[in-house]
Amino acid sequence: MAFYVVQFLTGLASAASLFLVASGLSIIFGVTRIVNFAHGAFYMLGAFVAYTLTERLSGALGFWGGILLASLAVAVFGVLIEMILLRRIYRSPELFQLLATFGLTLMIEDLVILIWGPDDLLGRRAPGLRGAVDFFGQQVPSYDLFLIVLSPIVLGILWLLFRRTRWGVLVRAATQDRDMVAALGVNQKWLFTSVFALGVFLAAFGGALRIPRDAANHAMDLSVIVDVFVVVVIGGLGSIIGAFVAAVLVSELNAFGILIFPKISIILVFLVMAVVLIVRPWGLFGKPEAPARKTPGLTVQPWRPLSANERVAMIGVLIVAAALPLFGGTYVLTVASEIAIFVIFAASLHFLMSVGGLASFGHAAYFGLGAYGVAFLAKMAGLPMIVCLLIGPLLGLLGAAVFGFFAVQLSGVYFAMLTLAFAQIVWSIAFQWVSVTGGDNGILGVWPAAWASGAAAFYWLSLGVAVLVVAALRAMTFSPFGYALRATRDSALRSEAIGIDNKRIQWTAFVIAGTAAGIGGALFAFLKGSVFPDNVGISLSVDALVMVLLGGVETISGAIVGAIVYKALNIWLVSHTDLSKLVLGAVIVLIVVAMPKGIVGMIETLQARRGRSTKSAMLASRVESAE
Amino acid sequence: MSAAPVLLVVEGLTKSYGGVHAVRDVSFSLSAGEILALIGPNGAGKSTCFNMLNGQVTPGGGRVRLLGRDTTGEKPRAVWRLGVGRTFQITATFPTMTVRENVQVALVSHHSRLFDMWSSAPKLARDEAERLLDLVGMNGYADRPCGELAYGDLKRLELAIALANQPKLLLMDEPTAGMAPRERVELMRLTARIAREQSIGVLFTEHDMDVVFEHADRILVLNRGSLIAEGVPEEVRRDPQVRAIYLGEGLVYDARHRDGAPA
Amino acid sequence: MRQGKWFLNGLLAAGLGVMLSSAATGAMAQDEIKIGEINSYSLLPAFTEPYRKGWQLAVEEVNAKGGVNGKKLVVISKDDAGKPADAQTAANELVSKEGVAMLAGTFLSNIGLAVSDFAKQKKVFFLAAEPLTDAITWEKGNKYTFRLRPSNYMQAAMLVEEAAKLPAKKWATVAPNYEYGQSAVGVFKKLLSAKRPDIQWVEAQWPPLGKIDAGPVVQALAQANPDAILNVEFGGDLVKFVREGNTRGLFKNRAVVSFLTGEPEYLDALKDEAPTGWIVTGYPWYDIKTPEHAAFLKAYQDKYKDYPRLGSIVGYETIKAAAAILAKANSTDPEKLIAAAEGIKLPSPFGEITFRKIDHQSTLGAFVGKTAVKDGKGVMVDSVYRNGADYLPSDAEVEKLRPKS
């Protein structure tokens, strides 16, 4: 019995750090709607700064003071980031802030290595809390008890802050309806900044409190960020109580789960999230998301098919691309093949995001399933390459059909998180089911048949498939189906009112996008000759998102440009510098600030502005008269 | 009017939210070609009532019969397929499409080609879309981005969309809310003309009493979820209960400058 | 839209220009011999920095002694960002653009395997430096791939030798839940159970790699009340596990056998909280008195003002071995390199090693000893060098494991 009590307490202690970080993320999202990918980076910074301070300052006061000072210092850093970077992009398309904070995370990762060096840093134990308390023969670390007490206190303080202060009332009002708060004359800028500061403070505090348990290390940010997202979503976005309950739930399920299924940890949080979201689409304590109000001035130019001139230009580009083997060597062709494959992958996600308005955070699942499909067929069934390429992507289709069915029942961030959960489940299976997938060591020897093994032949194959897939997706964009899909995105209310079955249309789109991604994955398996779990991993899903956002989500061909730019830049940087993350992150941040509609979106805007300066004046007067 | 077929029969419609009755035991019927107004002060339950008719809100009790079929609890898209067009209090259109494309989507749906993945939608049912835009006086706007339209034009576009499935019944929730006074009159005249020409039944809610009394054949008055009066405009105007509700607001007689506040 | 296309066009052209111009410089100079080196520099700087220092030292030494048969040895190093796919891109660049004579390096097992498979497909010589997986020389071995570091199996065999001497009967295991952790536990259990049929395996914990929730794991292990624990956790997970275990008294009166923990990369991070009395494999650089090692240590410390980690040894010896193979083959033809490498004998800071003909595994060994805390730092004591050659299965077994090709 004592054992179970202690296990329960241990679970509570684990929940404490999770809760601190998660509450910060939840607060930031609730008010600013920023999906703050950099939250993990702030957490990591908190730990590193706290390490430095607690090593310098002596005594118990020095230790606790160091923890607090570190959290404050990181919060100040967060404020600077918010003022310099995020303020510029609040009005950008949804999720664009995700891209900015992703770039920031990459930069911080390299900066931490530059400042603190590559080694893990083991900090001091908390003074007075080194030991353990005996509980019927079981040892409970006193620091655990401290954490167990601390987290309800933090929860209480936050509760008071939000319920009993004017600031808190405003924040809660902004969580419900930020436009309304702006309309009430509240200085929204400083409200956002202060909220961001509090959120970052909590992240850094959570990180700093890891010092007595954990070495400060460079993988901290990514290892925490996904879990924290999951906790926030399970609890309900913007709900602090929800974050607390979810943190406890996840930690306790883990603490007791490993007694029965020792291998469950890897997948547990995602299973819990998937179940919670299917049963309660807005998390345990969440409320349905208020429909995002379209900001005036951001409305998109209606899309149109290519004009005759543009078609000629397109064919010209294709001829140039097809002629690459005449002057490029093996390496150039292999890189170009990889880029072509990523064009397929990005275009498939882009179809879902731009036409369907469904931002999947787990699109790599279908890419990876396509790759594994090919690997199984080639290695186990020994089928020829063409057959593998044709049938392999069906695994992506199947996965998308099953997961998509559940995912499209949700929307917005909840949709994104459920797709992420599904992708993580696929990843865990690939990673753990060693007897079938080879686990981490992957499946090797999936090389192309003789006719496609030359670099030029494979390049032409990839290019050809990419052109076909992109053309098909484009045709679909302008097909009745594409319009129906856009209708569900533009106005779910209206589309249902004109006889469109939104969920069925979206599900179909999900399956199409998953299959297209699977085709990319199938080619990728042959390009690399092998398949690994990271073909399904989060970082690949994030890569795809970045490509789409970089190119411009509100365009038709943004994904193509985004994929080419991002992939080429990435390959070049990884090859030429060890600080690729720093440079890549900086480039992303710059693009976000300079081109808030993505690269293609920017070009289109410039073009439109040139041609329509007179028209817009007229438009402005019309808008006035309407109000 | 008695010869016209009955389109809509509502019996004992009821809905409550958390113990508060939003709509209580509402019954009425509507015939082809008839224009019926549903009025009442803010919070009277007009919108809830409306949303139950086309399936957006599931009724707590009572029956809705459309064209002789029980549609209680059916989804909006199923109700639409029966021939019911709908406009919203706050316009719901597709801002990333052109005006013509907005109508084309509705036509594509009407022609059951939603899962056609290879045709070019901008070329589909183009003439039909143009005709509908003509009808609502939007023919000059076909290639304009919908997101750029003034609010009054959006309302007309909504009407064109609502007419795409050749409806027998139009449900219009505050069709003139947010419009300039002159535009309101124009829009309602247009609607009334189309309804009479095509023998479409129209049910609309409205705050602007000028609009109501000018166009409605019959008026239903809702207060606190219950129907308190029903009849031709003249009867309703004289109804003491109605007068009591609107007393002080002066709305029954001269509503000139009130903008459509949300119900 | 039109602009978009032209932009795209320009981008392609610019990209091509860059690639072409850099391809031109890739032409091979006559008086140089190039090795292409790949490792996870950006993902695992803590391990790859000492490794890089090691091989840079080796390059300097080789060239100071006249290079490889008179040619200057050049190492072109690429980052793989910790991803197998990126490693293959890098391998491709090194082979097709830089025209390297051989590939070397890699740390993670999956990346080692990916490059090994690439080497097989493209018929390039590959000397895997650090990956531990047995598959690279056995189940998925191929004739182009050689491996330097003592494998998972070898380290397990060294530890089992000590573990079998313990009185402990009830064993628990804790390992990161991925291929390496699973196969380390698998081999260890198989070998120990073979030597000690009386042993019972009472508990197994499989926390996810890099994300151990140490409290519950330690509790669960303690609950099973084993006599001894096999640990395969390393890095950040190890720190959490040790701290939690120390606080909760998990290691009190229990034997612990632990993979790799004696390597400075892992032990140093634990400072004065390093566990004591664990039986570990590792690298006690402070305690090795052979002249070969003393020379290496001096050269390393003189150059870098830092002490070596195990990675330094591996990096150093990888390039030394590569240079020796290139010199012996006196050619860059992969077939000749393979012929030269099979059975080659060469010195190392740990003593003479050889690359076995049968499975291309080097006989580089490891030190087995016990952990202790000295002057506020974790150290290995009573350590003995175990020659890798003595901890490999019989040739007949190896024959069965390796695919015929």
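Residues numbered from 1 in each chain as written. Chains lettered and ligands numbered in written order. Predicted model: local features only at pLDDT ≥ 70, side-chain atom pairs only at ≥ 80, totals over all residues.

**Student:** Would you explain the pairing of strand S9 (residues 255–262) of chain C in this entry?
**Tutor:** In summary, the side chains of a regular strand alternate between the two faces of the sheet. Residue and element names in this part refer to chain C. For S9, the tally of buried residues reaches seven of eight residues, placing the bulk of the element in the interior. Judged from the four bridges that link them, strand S8 (residues 228–231) and S9 form a sheet pairing that is parallel. Bridging from a neighbouring strand, Leu-230 pairs with Val-257 of S9. Inspection of the sheet shows S9 paired to strand S10 (residues 279–282) by three bridges, in the parallel sense. Within the sheet, the bridge partner assigned to Ser-258 lies in S10 and is Val-280. (Buried ≥ 20, exposed ≤ 12 C-beta atoms within 10 Å, placed from the backbone. Helix = DSSP H or I, 4+ residues; strand = E, 2+ residues; numbered from the N terminus. Pairing = 2+ DSSP bridges.)

**Student:** Is there a simple way to think about the domain arrangement of chain A in this case?
**Tutor:** Accessible area lost on assembly of the parts is the figure often given for the size of an interface. In terms of domain boundaries, chain A breaks down into domain 1 (2–217) and domain 2 (327–538). Spacing between the C-alpha centres of domain 1 of chain A and domain 2 of chain A amounts to 36 Å. (Domains from an automatic or database assignment.)

**Student:** Just checking my understanding: could you explain the interface of chain A and chain C for this structure?
**Tutor:** With 78 residues of chain A in contact, the opposing surface of chain C contributes 74 residues. It is helix H26 (residues 558–576) of chain A that provides the largest number of residues to the side of chain A that touches chain C, a total of eight residues. (Contact = placed C-beta atoms within 7 Å.)

**Student:** For this particular structure, what's the right way to read the nonpolar core?
**Tutor:** A general feature of soluble globular proteins is that nonpolar side chains tend to end up buried together. Counting 443 residues, the largest nonpolar core has Ala-204, Met-273, Val-343 and Met-417 of chain A together with Met-102 of chain C as its most contacted members. Among the elements that take part in this core, helix H14 (residues 330–355) of chain A stands out by supplying 19 residues, more than any other. Contacts of Met-417 of chain A, omitting those with residues within four sequence positions, involve Phe-229, Val-233, Met-273, Leu-277 and Phe-361 of chain A. (Core = buried A, V, L, I, M, F, W, Y, C linked by C-beta atoms within 7 Å.)

**Student:** Help me understand the interface of chain A and chain B, please; the structure alone is not making it clear to me.
**Tutor:** Contacts between the two partners involve 32 residues from chain A, matched on the other side by 38 residues from chain B. Elements with a minimum of two residues in the side of chain A that touches chain B: helix H21 (455–477), helix H22 (480–490), helix H23 (492–497) and helix H29 (613–626) of chain A. Sorting elements by how many residues they give to the side of chain A that touches chain B places H22 of chain A first, with eight residues. A class-by-class count of the residues in the side of chain A that touches chain B yields 18 nonpolar, seven polar and seven charged. (Nonpolar A, V, L, I, M, F, W, Y, C, P; charged D, E, K, R; others polar.)

**Student:** Which parts of the structure should I look at to understand the domain arrangement of chain C?
**Tutor:** All names here are of chain C. According to the domain assignment, chain C consists of domain 1 (11–150 + 290–365) and domain 2 (153–285 + 367–391). For domain 1 versus domain 2, the distance between C-alpha centres works out to 30 Å. Taken together, the 19 residues of domain 1 in the interface contact 16 residues of domain 2. Going through the elements one at a time, helix H2 (45–64) and helix H11 (310–329) are the ones with two or more residues in the side of domain 1 that touches domain 2. Sorting elements by how many residues they give to the side of domain 1 that touches domain 2 places H11 first, with three residues.

**Student:** I keep staring at the pairing of strand S9 (residues 218–223) of chain B and nothing clicks. Help me out?
**Tutor:** Residue and element names in this part refer to chain B. Burial analysis of S9 places five of its six residues in the buried class, which makes it a mostly covered element. Pairing analysis gives four bridges linking strand S3 (residues 35–39) to S9, with the strands arranged parallel. Note on S9: the bridge partner recorded for Ile-39 is Val-221. Alignment of S9 against strand S10 (residues 226–231), held across five bridges, turns out to be antiparallel. Note on S10: the bridge partner recorded for Ile-219 is Gly-231. Between S9 and S10, which follow one another and run antiparallel, lie two residues, and Arg-224 among them has a positive phi close to 45 degrees.

**Student:** Can you help me understand the arrangement of the chains in this one?
**Tutor:** Counting contacts across all two pairs of chains that touch, the top pair turns out to be chains A and C. As for chain C relative to chain B, no contact occurs, and the smallest C-alpha gap between them is 16 Å.

**Student:** Looking at this structure, how should I read the confidence of the model for chain C?
**Tutor:** Note that predicted coordinates carrying low pLDDT should not be read in detail. All names here are of chain C. On average, residues of chain C carry a pLDDT of 90, and 92% of them reach 70 or more. Taken element by element, chain C is modelled with least confidence in helix H1 (residues 2–25), mean pLDDT 46, and with most confidence in strand S4 (residues 126–128), mean pLDDT 97. Counting contacts from residues 1–14, a segment whose pLDDT is below 50, to residues more than four positions away or on other chains yields 30 contacts. Among the prediction metrics, the complex's ipTM stands at 0.89, with pTM recorded as 0.87. (pLDDT = per-residue confidence, 0-100.)

**Student:** Which parts of the structure should I look at to understand unusual backbone geometry?
**Tutor:** When glycine is set aside, most residues are seen to have a negative phi, and most peptide bonds are trans. Unusually for a residue other than glycine, Ser-112 of chain B sits at a positive phi of about 55 degrees. Along the chain, the position of Ser-112 of chain B falls in the loop between helix H3 (99–110) and helix H4 (126–135). Note on Ser-112 of chain B: 11 C-beta atoms within 10 Å, which makes it exposed. For Asn-330 of chain C, which is not glycine, the phi torsion reads 50 degrees and is therefore positive. With respect to the helices, strands and loops of the structure, Asn-330 of chain C is situated in the loop between H11 and helix H12 (334–341).

**Student:** Explanation requested: the sheet that holds S3 of chain B in the structure shown.
**Tutor:** Strand-to-strand pairing in sheets goes through backbone hydrogen bonds, with the strands running parallel or antiparallel. Residue and element names in this part refer to chain B. Judged by pairing direction, the sheet is mixed, and its six strands sit side by side in the order S6-S7-S8-S3-S9-S10 without closing on themselves. Each of the sheet's edge strands pairs with one partner strand only, and the pair in question is strand S6 (84–87) and S10. Looking at each pair of strands side by side, their axes are set apart by 15 degrees on average, direction ignored. Direction of pairing for strand S7 (residues 169–173) relative to strand S8 (residues 201–205): parallel, over a ladder of five bridges. Bridging from a neighbouring strand, Leu-170 pairs with Val-202 of S8. Running at roughly 165 degrees to S6, helix H5 (residues 151–162) makes contact with S6 and S7 of the sheet. (Axes fitted to C-alpha atoms, helices over the stretch in contact; angles between N-to-C directions.)

**Student:** For this particular structure, what's the right way to read helix H25 (residues 538–551) of chain A?
**Tutor:** In an α-helix, one full turn covers 3.6 residues, which means residues spaced three or four apart are oriented alike. Residue and element names in this part refer to chain A. Taking 1.5 Å of rise per residue, 14 residues should cover 20 Å, and H25 covers 20 Å from first to last C-alpha, within 8% of that figure. Burial analysis of H25 places twelve of its 14 residues in the buried class, the great majority of the element. What H25 keeps buried is the set Leu-540, Ser-541, Val-542, Asp-543, Ala-544, Leu-545, Val-546, Met-547, Val-548, Leu-549, Leu-550 and Gly-551. Once H25 finishes, Gly-552 follows within two positions and takes phi at roughly 120 degrees, a positive value. (Expected span 1.5 Å × (residues − 1).)

**Student:** In this structure, what is going on with the packing of helix H15 (residues 364–380) of chain A against helix H24 (residues 502–528) of chain A? I would like to understand it.
**Tutor:** Helix-helix packing: each pair is described by the crossing angle between the helix axes and the interaxial distance. Residue and element names in this part refer to chain A. Packing of H15 against H24 leaves a shortest axis separation of 6 Å and a crossing angle of 50 degrees. In this view, H15 runs oblique relative to H24, as classed from their interaxial angle. The two elements H15 and H24 cross, and the hand of that crossing is right-handed. Here H15 contributes Tyr-366, Phe-367, Gly-368, Leu-369, Gly-370, Ala-371, Gly-373, Val-374 and Ala-375 to the contact with H24, which in turn contributes Gly-514, Ala-517, Gly-518, Ile-519, Gly-520, Gly-521, Ala-522, Phe-524, Ala-525 and Phe-526. Here the contact of H15 with H24 is composed, by residue class, of twelve nonpolar, seven polar and no charged. (Parallel < 35°, antiparallel > 145°, perpendicular 65-115°, else oblique. Left-handed = near helix turned anticlockwise from the far one by under 90°.)

**Student:** Quick question: what am I supposed to make of the sheet that holds strand S13 (residues 366–374) of chain C here?
**Tutor:** All names here are of chain C. Spatial ordering of the open sheet is given by S7-S6-S8-S9-S10-S13-S14, a layout of seven strands whose pairing is mixed. Only two strands of the sheet have a single neighbouring strand rather than two, namely strand S7 (200–205) and strand S14 (377–386). When the angles between neighbouring strand axes are averaged without regard to direction, this sheet yields 25 degrees. Pairing analysis gives eight bridges linking S13 to S14, with the strands arranged antiparallel. Paired with Thr-371 across the two strands is Met-380, which belongs to S14.

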